[in-house]
Amino acid sequence: MAYSINSETINNATEVINQLSIFLRTAKVHNINNTAVISATDKFVSLVNNIISLENTIVLEIRGEYFYFNDYRIRYSPEYILNLDSLIREFKKVELGTIIIKSKISPEDIKVFIGLFLKSHLSENPFDYLKEGMSGISNIELKKIQEISEEILDKRKIATKTYFNAVSFYKEIFNNVKTNEKINLKKSKRVIRSVINQIIEQEQILLGMTAIKDYDEYTYHHSTNVSILSVALGRRMGMNHKMLIDLGIVSLFHDLGKIDVPNEILNKPSKLTDSEWGIIKQHPKWGVNAILKMRNIDDLTINAAIVAFEHHMNINHTGYPQVENPAALDLFSRIVSIVDQYDAMTANRIYRNNPMSPDITLRELQEKSWDKLDPLIFKFFVNMIGIYPIGTLVMLNSKELGLVYENNQDVLHRPRVIIIADNKGNWIKGSIVDLADKNGTDEYLRTIIKTMSPKQYNINIADYFL
Ligand SMILES: [Fe+2]
Ligand SMILES: [Fe+2]
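Since the structure is predicted, the reported quantities are computational estimates derived from the model, not experimental observations.

### Details of unusual backbone geometry
- The linkage connecting Y320 with the following residue, P321, adopts the cis geometry, with an omega of -10°.
- Note on placement: P321 falls in the loop between α13 (299-310) and α14 (331-346).
- Its identity is not glycine, yet N314 carries a phi of approximately 70°, on the positive side.
- Along the chain, the position of N314 falls in the loop between α13 and α14.

### Observations concerning the sheet that holds strand β8 (residues 416-421)
- As summarised here, the arrangement of the 5 strands in space is β9-β8-β7-β6-β10, forming an open sheet in which the pairing is antiparallel. Each edge of the open sheet is held by one strand with a lone partner, namely β9 (432-434) and β10 (448-452). Strand-to-strand, the axes of this sheet are offset by a mean angle of 40°, without reference to chain direction.
- Two elements, strand β6 (residues 393-396) and β10, share 4 bridges in a ladder whose sense is antiparallel. Bridge assignment links M395 to a residue of β10, and that residue is K450.

### With respect to the side chain of D434
- Inspection of the secondary structure assignment puts D434 in strand β9.
- You can call D434 buried: its relative accessible area is 6%.
- Within the structure, the side chain of D434 is placed 2.9 Å from the side chain of R416, a separation counted as a polar contact.

### Here's the deal with the coordination of the iron ion (ligand 1)
- Taken together, D255 (OD), H283 (NE2), H311 (NE2) and H312 (NE2) make up the full set of protein donors to the iron ion (ligand 1), lying 2.1 to 2.3 Å away.
- Classification of the site at the iron ion (ligand 1) rests on its 4 donor atoms, whose angles at the metal span 84 to 172°, yielding the label irregular.
- Written as a sequence motif, the donor arrangement for the iron ion (ligand 1) is D-x27-H-x27-H-H.
- A distance of 3.5 Å spans the gap from the iron ion (ligand 1) to the iron ion (ligand 2), which D255 bridges by coordinating each metal.

### Concerning the nonpolar core
- In terms of nonpolar packing, the biggest core is built from 78 residues, with F253, L256, F381 and F465 touching the most fellow members.
- Considering each element in turn, this core owes the most residues, 11 residues, to helix α7 (residues 185-211).
- For this core, the domains that each give at least three residues are domain 2 (150-385) and domain 3 (393-465).
- With 42 residues, the next largest nonpolar core counts L84, I110, I114 and I140 among its residues.

### Looking at the packing of aromatic side chains
- Tallied over the full model, the rule gives 10 aromatic pairs.
- For the ring pair F91 and F117, a centre distance of 5.9 Å and an interplane angle of 55° mean the geometry is tilted. Taken as a pair, F91 in helix α3 (residues 81-93) and F117 in helix α4 (residues 107-120) lie far apart in primary sequence, 26 residues in all.
- Given the relative accessible area of 0%, F91 is considered buried.
- Residue F117 is classed as buried on the basis of its relative accessible area of 2%.

### Some remarks on α4
- Its 14 residues place the ends of α4 20 Å apart at the C-alpha level, agreeing with the 20 Å of an ideal helix rising 1.5 Å per residue.
- The complete set of buried residues in α4 reads D109, I110, F113, I114, L116, F117 and S120. Seen from one end, α4 has its buried residues packed into an arc of 165°, which puts them on one side.

### Considerations on the coordination of the iron ion (ligand 2)
- Taken together, the protein donors to the iron ion (ligand 2) comprise H222 (NE2), H254 (NE2), D255 (OD) and D340 (OD), at separations of 2.2 to 2.3 Å.
- Coordination geometry of the iron ion (ligand 2): the 4 donor atoms subtend angles of 77 to 174° at the metal centre, consistent with an arrangement described as irregular.
- Donor residues for the iron ion (ligand 2), ordered by position in the chain, follow H-x31-H-D-x84-D.
- Under the relative-accessibility criterion, H222 is labelled buried at 2%.

### Some details on a nonpolar patch on the surface
- Residues L292, I297 and I302 make up a contiguous nonpolar surface patch of about 260 Å² in total accessible area.
- Looking at the secondary structure, you find I302 in helix α13.

### Let's talk about the sheet that holds strand β5 (residues 140-144)
- Read across the open sheet, the 5 strands follow the order β3-β2-β1-β4-β5; overall the sheet is antiparallel. Looking at which strands have only one partner, the edges of the open sheet turn out to be β3 (72-73) and β5.
- Running over the sheet, helix α2 (residues 35-55) touches β1 (58-63), β2 (66-69) and β4 (96-101) and is turned about 110° from β1.

Calculation criteria
Residues numbered from 1 in each chain as written. Chains lettered and ligands numbered in written order. Predicted model: local features only at pLDDT ≥ 70, side-chain atom pairs only at ≥ 80, totals over all residues. Heavy atoms only, no water. Helix = DSSP H or I, 4+ residues; strand = E, 2+ residues; numbered from the N terminus. Pairing = 2+ DSSP bridges. Axes fitted to C-alpha atoms, helices over the stretch in contact; angles between N-to-C directions. Buried < 20%, exposed > 50% of the residue type's maximum accessible area, 1.4 Å probe, protein only. Polar contact = N/O pair within 3.5 Å; in protein donor to acceptor, adjacent residues only side chain to side chain. Donors = N, O, S within 2.8 Å, 3.2 Å for Na, K, Ca; no water. Tetrahedral: all angles 85-135°; square planar, octahedral: opposite > 155°, others 65-115°. Core = buried A, V, L, I, M, F, W, Y, C linked by side-chain atoms within 4.5 Å. Domains from an automatic or database assignment. Phe/Tyr/Trp six-rings, centres within 6.5 Å; stacked < 30°, edge-to-face > 60°. Expected span 1.5 Å × (residues − 1). Arc of directions from axis to C-beta. Patch = residues over 30% accessible without salt bridge, like charges linked within 9 Å, V, L, I, M, F, W, Y side chains within 5 Å. Areas by Shrake-Rupley, 256 points an atom, 1.4 Å probe, with all protein chains shown as cover. Salt bridge = Lys/Arg side-chain N within 4 Å of Asp/Glu carboxyl O. Contact = heavy atoms within 4.5 Å.

Here it is, written out as structure tokens:
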């Protein structure tokens, strides 16, 4: 049944969802009687009751990846997207699809609801648990989510396809430049646009793809990863769509100059000699040449050339190439410097028996490069990939081993993890657990006690992520 809805209610509806997500988050971290939780409760209740007096009923429903409020799809501005995402995930976790509020509610009603909601994931049938607990509150009705996990599988498939499309596109570009063919930047816009769409819809899945470091063709995957990570970072920094497309393209081409580095050097299994290093260090300059050979020289090509030239320079100009009177690094170069180093350090290269685990890489980057990388952008980066980035192998206090699967934006050190070995050391293809989940007495069910190198345990992340 469709409701007619006025614009004031639309604003209120958006606010209700936003407030609910803030409120849930606060309740998750604090005790339910904490003042912050109480004030969030009151705010939420008055918002809801305000709308009830205008509309009589509230039907809040999840369809796909969106909330519908009295049949009206809630549209979100970018700064609220993370709130919306995390709320939808919370609802799905307890299989809650619809909340119907039929008359004015009291703070007590909502307290009961939140208490049950937070505990329901401990139950084998979270929705039944929730519904039963709420049976005494007649003005709030709950309905189970109508969803099949196939939808999630499909999303993973689309994200995977987008990722490999980007890789093969870059491969094509690389080979075209090698054979001196002109490249068409129009096509790169198409490819990057689909990457951006996937980042908006499935950021965590796409970031997960960049965490798989066992691919054979490092150079192609590295450039794709740098592009994905840069765009995801730019999005977090609030860039608009056009800027994101530009950033995606220029970051994809940052290492184009490696075309002229002989393969024996690029793939050398042992340590490079000084003269070989000298050749590697030419790739920023060679990148500029390769990019300026493109079909049209426009702003975008110039930006790409700048990033290719600057991405190893460091903000304090201690890197290469060395130039006289250096200017401040371009914004895109600052972004690419960070994600480039991160991806290269975590990569599984032949000359490195033990790629660094993502969390240690982050720490090293922070310590060793505090004066080389842009500190503010680095902060955004850590916020994006979490303290334990996707793909980190972790030992839990339950003696289980897990792989970090998805970040938790609210509690960075409590990501979602796939259990891959049980507490007796048996390998299992276990379920995904949320380290932010608590037991009945408000204690966390599982906590990370240390991180380890997946390689040391012969673990292939791709087995779990693809
Ligand atoms: Fe490079
Ligand atoms: Fe690179």
